[in-house]
Amino acid sequence: MKGLQATIFFFFVALLLAVQAVFLQTIYRATQQQEIIQVENRLGTARTVFRTQFESRRYFLGAFAETAAKDFGLKQVFQEDTRSFLVALNNHRQRIDADMAMAITPDGRISAQVIKQIDSSGADRIRVGPEQGQLFQFPDWLELPDDTRLYPLQNAFYQLSMAPLKSGSQVIGWIGFGYNIDQRLAAYFADLTGLTTDFALATDDGWLLLASSRNHPEEDHRRQENARISRIMNHDQGADVIATTESLGTVGSRHLAAVMYGDRADLLAAIRKRWWELGLLAALTLSLSMAGAYLIAARISRPVQVLVRQAKRIARGNYDLSVNIDCKGELRELVDEFEQMQQAVVSREQLISHQAYHDELTDLPNRHRLIQVLEQWVEDHHRAFSLCKLAVRRINDINSSLGHEIGDQVIREVGRRLRGMAVSDQLFHLGGSEFVLMTRPENPEQTGRYMELLLPLMEPEWRYQGISLYIEVQTGMALFPAHDLTASGLLQKAAIALQHAQKTGASCQLYDGALGRDSIERLQLINQLKTAICQDQLILHYQPKLDLATGRVRHVEALVRWQHPTQGMVPPDKFIAVAEQTGLINALTRWVLVEAVRQHRLWKKQGLTLSISVNISAENLRDHNFYDMVAETLLDDTLDRDAISLEITESAVVDDPEAAISVLNRIESEGIRLSIDDYGTGYSSLAQLKQLPVSELKMDKSFVQKLLVDRDDQTIVHSTIDLAHNMGLRVVAEGVEDAESLAWLRRKGCDLGQGYFICRPKPADELGEWLMQSDYLELAKVCSL
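Attention here is on the structure that accompanies the text. (Residues numbered from 1 in each chain as written. Predicted model: local features only at pLDDT ≥ 70, side-chain atom pairs only at ≥ 80, totals over all residues. Heavy atoms only, no water.)

1. Side note on the overall build of the protein chain
Of regular secondary structure, the protein chain possesses 26 helices and 27 strands. Counting only contacts in the protein chain whose residues sit at least 6 apart along the sequence, the fraction spanning at least 24 positions is 62%. Surface accessibility of the protein chain: about 41300 Å² in total, with carbon and sulfur atoms responsible for 50%. (Helix = DSSP H or I, 4+ residues; strand = E, 2+ residues; numbered from the N terminus. Contact = heavy atoms within 4.5 Å. Areas by Shrake-Rupley, 256 points an atom, 1.4 Å probe, with all protein chains shown as cover.)

What follows is the structure, given as structure tokens:
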């Protein structure tokens, strides 16, 4: 082999080796990726199947327990005929093939317990449970909402669901049904998932095997399995084992978990077999090609050169050009194989590119694609467009109540309906329940028509697996170039508009500059409010309440203000809502109470005896530690019980009347006076008012400010005064802004008046000076006439 033929031969061989190496490397990487994906899919599917089936058992048990609890015949023999009740209870158990059924009396004693066990021959044996006649292990479960829990019994654990037996509205006992978490359940999940399934309990010495889809009769095998489970729970199972775990809950302080695992080699055997086949095929192809090259080296010098150039293009990522060679035989096959490899690489890259720029759930373009398109549209400064950001209302409620599967289907349905909008130029799914719709309206009025088309598009009822829902969306819109000239800016403006729509409950909100300023200001207040409380940037102003019978001031209301270091005085309506939403309201209320106590003691030393009322929020009443905070601050032997009183709005009580009344009763029992604030603006009933332990009723200023010109307001105020007095309550009129209203209220028997006509809120030192001024003395003289 000399000259050109030898050169072509060796060159051709080298080319074949390079091509085969690229091909095999590509296949090897794809195989490795496929192995990873297959393992992840296998474990993910196993987890999904386990959760779905276990949750189905829980729901089935709960539904059946509630149904059985409504059986009139079962209620008749409850606590009367134990044998008859056991028979009836067992009949219900057999309907769902439960492994355990029990009944509990109101005093927490297990009056009946039926256990199904399987003997060595595989037959079912029904017997009375060992706890019959004993106290129920977990009496606190009876006070909690119905749910499925793990119940231990004789080294076994049951998935137990209970429901109350009621006679009318009275609970006369409880019944429960449960399935044993045993080898049968493990074998069932093993059949579904294709993985070995074990149930294990955490102990001080590690994890203890309770049941397995494999039979482990020998003690040595069980010890080995315990060790395997402990390694899996510690993520130390080794590379040869694939495994995933699911927590089933806790029993006392010990965790019960499901462990699913399998051999990696068994799962990937088919893939690795194909890899060896491809390797052998590549080796065979290479051998044949070398033999062919030896025979036809002189003929194929030109085609080889073409293939070399094409291989270099592929290495640089250029897949567009095809191989055009006029040849036959083995060389033609080589060219065809080369083109197929090129197309395979192109197909994979197209798939990867699609997945990178499309949402997996809806297959709509995602945020990455949105940024690309948005930047392209922004570059065209001569064409205006609108960017509308949409969010599905109550999607979190749907996920929590109906499950994430239904929530995903709702999001898919929204995407499907939005695709149906003929006016839509671009539609994107940002993830979660958020979509973006970009349109190019011909004029500003057409933008509004787009929104008019959008909302009716969501109106039709949506049905899925027997569930009917009405889908609602909220939208925030920003316009180019009116609102911003950048892609990120437009997205931010649309998000601010959507956030405002969600906050106000509006269906659609067009961006306005004030919204952006409010959003920034609110974010700054959130960050600075905690610092303000800690660094005493807050101050209290006090507004007096005039006794209309004597003309004296013995009561004041404490009103918090924020002396911001840069923004000056910040009114409470700017930061109270922020405190409630961020969890700082309790710290704020504590500060106000402590400061009010300090000021009361200071006034007392100065000879002023003034009772201070402090407003509390609905969020305070929801806090389990609120009573302790009030007691710690106000229950001091050196502090008069009437020194501080608390004002509660109607809405704070309406949200959760039972809990609120319970807390207020505890506070009132300590001698602390309570008052209903803004009475008449909420939705409380007279029945709730009667139950509240209050001594004072404060009418809202909306009824007082137009008292002299609105007869309806006069009727409401007069009747409220009579009602409160008949109930033994003192009445405060808020919003007194003129002498005539003050005189009218005094004639109608109102006890106290508060408003700008009497005195505006003042700092503590200015209020003391006001009490000595002629304006106050004149008011006192008028009221005493």
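What follows picks up the thread again.
2. A short note on the packing of aromatic side chains
Tallying each qualifying case throughout the model produces 15 aromatic pairs. A centroid spacing of 6.4 Å and a plane angle of 80 degrees characterise the contact between Phe-136 and Phe-138, whose relative ring orientation is edge-to-face. You can call Phe-136 buried: its relative accessible area is 4%. Under the relative-accessibility criterion, Phe-138 is labelled buried at 19%. When the centroid spacing of 5.6 Å and the interplanar angle of 5 degrees are considered together, the rings of Trp-462 and Tyr-464 count as stacked. Note on Trp-462: relative accessible area 7%, which makes it buried. By way of ring pairs, the aromatic residues Phe-50, Phe-54, Tyr-188 and Phe-189 are connected into one cluster. (Phe/Tyr/Trp six-rings, centres within 6.5 Å; stacked < 30°, edge-to-face > 60°. Buried < 20%, exposed > 50% of the residue type's maximum accessible area, 1.4 Å probe, protein only.)

3. Section: the pattern of salt bridges
In the structure shown here, the tally under the stated rule is 24 salt bridges. For the salt bridge of Arg-394 with Glu-472, the shortest nitrogen-to-oxygen distance reads 3.3 Å. Of this pair, Arg-394 sits in the loop between β11 (385–392) and α11 (395–402) while Glu-472 is found in the loop between β15 (467–469) and β16 (473–480), placing the two residues 78 residues apart along the sequence. Take Glu-472: its relative accessible area is 32%, and that puts it in the partly exposed class. Through salt bridges with shared partners, one network takes in Lys-545, Glu-557, Glu-647, Glu-696, Lys-698 and Arg-730. (Salt bridge = Lys/Arg side-chain N within 4 Å of Asp/Glu carboxyl O.)

4. Quick notes on empty space enclosed by the protein
Under the counting rule described, the total for this entry stands at 2 cavities of 30 Å³ or more. Approximately 40 Å³ is the volume attributed to the largest cavity. Considering the residues around the largest cavity, the lining is formed by Leu-634, Leu-639, Asp-640, Arg-641, Ile-644 and Ile-672. Roughly 30 Å³ of internal volume is contained in the second largest cavity. Taken together, Lys-545, His-555, Val-556, Ser-611, Ile-612, Ser-613, Ser-645, Arg-673, Glu-696 and Arg-730 make up the full set of residues lining the second largest cavity. Those elements that place two or more of their residues in the lining of the second largest cavity are β19 (553–564) and β21 (611–616). Looking at side-chain class alone, the lining of the second largest cavity contains 2 nonpolar, 4 polar and 4 charged residues. (1 Å grid on protein atoms, 1.4 Å probe; cavity = no way out; pocket = protein on both sides within 12 Å on 5 of 7 lines; lining within 4 Å. Points joined across faces, edges and corners; volume = space filled by probe spheres on them. Nonpolar A, V, L, I, M, F, W, Y, C, P; charged D, E, K, R; others polar.)

5. Details of unusual backbone geometry
A negative phi angle is the norm for most residues apart from glycine, just as the trans form is the norm for most peptide bonds. Look at the link from Phe-480 to Pro-481: it is a cis peptide, with omega at 5 degrees. Relative to the elements of secondary structure, Pro-481 occurs in the loop between β16 and α14 (487–504). A positive phi is found at Gln-154, a non-glycine position, where the angle reads about 50 degrees. Structurally, Gln-154 can be placed in the loop between β4 (148–153) and β5 (156–167). Although it is not a glycine, Asp-678 adopts a positive phi angle of roughly 55 degrees. Topologically, Asp-678 is positioned in strand β23 (residues 674–679).

6. Examining the pairing of strand β22 (residues 644–649)
Regular strands place their side chains on alternate faces of the sheet. The element β22 is largely enclosed, with a buried count of 5 among its 6 residues. Pairing analysis gives 5 bridges linking β21 to β22, with the strands arranged parallel. Across the sheet, the residue bridging to Val-614 is Leu-646, located in β22. (Pairing = 2+ DSSP bridges.)

7. Examining the sheet that holds β16
If you walk across this open sheet you meet the 5 strands as β12-β13-β11-β16-β17, and the pairing is mixed. Sheet topology places β12 (426–431) and β17 (508–510) at the edges, where each strand pairs with a single neighbour. Neighbour-to-neighbour, the strand axes of the sheet open up by a mean angle of 20 degrees, direction not taken into account. Bridging between β12 and strand β13 (residues 434–439) involves 5 bridges; their strand directions are antiparallel. When the sheet's bridge partners are listed, His-429 is paired in β13 with Phe-435. Where α14 meets the sheet, its contacts fall on β11, β13, β16 and β17, and the angle it forms with β16 comes to roughly 145 degrees. (Axes fitted to C-alpha atoms, helices over the stretch in contact; angles between N-to-C directions.)

8. Notes on the side chain of Thr-633
Counting through the fold element by element, Thr-633 comes out in helix α19 (residues 626–634). Here Thr-633 falls in the buried class, since its relative accessible area comes to 14%. Polar side-chain contacts of Thr-633 include one of 2.8 Å to the backbone oxygen of Met-629. The contacts of Thr-633, once residues within four sequence positions are left out, are Leu-593, Val-594, Val-597 and Leu-639. (Polar contact = N/O pair within 3.5 Å; in protein donor to acceptor, adjacent residues only side chain to side chain.)

9. As for the packing of helix α10 (residues 367–379) against α14
Put simply, α10 and α14 touch, their axes get as near as 9 Å, and they point 110 degrees apart. In terms of their interaxial angle, α10 and α14 are classed as roughly perpendicular. Contact residues: α10 offers Leu-370, Ile-371, Leu-374, Glu-375 and Val-378, while α14 offers Ala-487, Leu-490 and Leu-491. Partitioning the contact of α10 with α14 into residue classes produces 7 nonpolar, no polar and 1 charged. (Parallel < 35°, antiparallel > 145°, perpendicular 65-115°, else oblique.)

10. Examining the sheet that holds strand β6 (residues 170–180)
In space, the 6 strands of this open sheet follow the order β3-β2-β1-β6-β5-β4, with antiparallel pairing throughout. Strands at the two margins of the open sheet, each flanked by one partner only, are β3 (124–128) and β4. Strand-to-strand, the axes of this sheet are offset by a mean angle of 25 degrees, without reference to chain direction. Examined bridge by bridge, β4 and β5 share 6 bridges and lie antiparallel to one another. Paired with Leu-153 across the two strands is Ala-156, which belongs to β5. Sitting on the sheet, helix α3 (residues 82–96) touches β1 (100–104), β2 (110–118), β3 and β6, and the angle it makes with β2 is about 45 degrees.

11. Concerning α14
Taking 1.5 Å per residue as the helical rise, α14 with its 18 residues ought to reach 26 Å, and the 26 Å between its terminal C-alpha atoms agrees with that figure. Between the side-chain oxygen at the start of α14 and the backbone nitrogen of Gly-489 there is a gap of 3.0 Å, and the oxygen is on Thr-486. Count one or two residues on from α14 and you reach Gly-505, which has phi positive near 85 degrees. (Expected span 1.5 Å × (residues − 1).)

12. Description of the pairing of strand β24 (residues 696–699)
Residues Glu-696 and Lys-698 line one face of β24 and the alternating positions Leu-697 and Met-699 line the opposite face, and both faces are buried. The pairing of β23 with β24 spans 3 bridges and is classified as parallel. Note that in β24 the partner of Ile-676 across the bridge is Leu-697. A crossover connection joins β24 to the parallel strand β25 (residues 730–734) through helix α23 (residues 711–726); in handedness this β-α-β unit is right-handed. (Right-handed = clockwise from strand over helix to strand, strands pointing away.)

13. Quick notes on the environment of Met-290
Tracing the backbone through its elements, the reader meets Met-290 in helix α7 (residues 269–296). With a relative accessible area of 32%, Met-290 lands in the partly exposed category. Sequence separation between Met-290 and Leu-17 is 273 residues; the distance between their C-alpha atoms is 9.8 Å.

14. Here's the deal with helix α16 (residues 572–582)
Turning to α16, its buried residues are Phe-575, Val-578 and Ala-579. Buried residues in α16, looked at end-on, bunch into an arc of 100 degrees, giving them a common side. Immediately beyond the C-terminal end of α16, within one or two residues, lies Gly-583, with a positive phi of roughly 80 degrees. (Arc of directions from axis to C-beta.)

Function-wise, these values are silent; they only describe arrangement.
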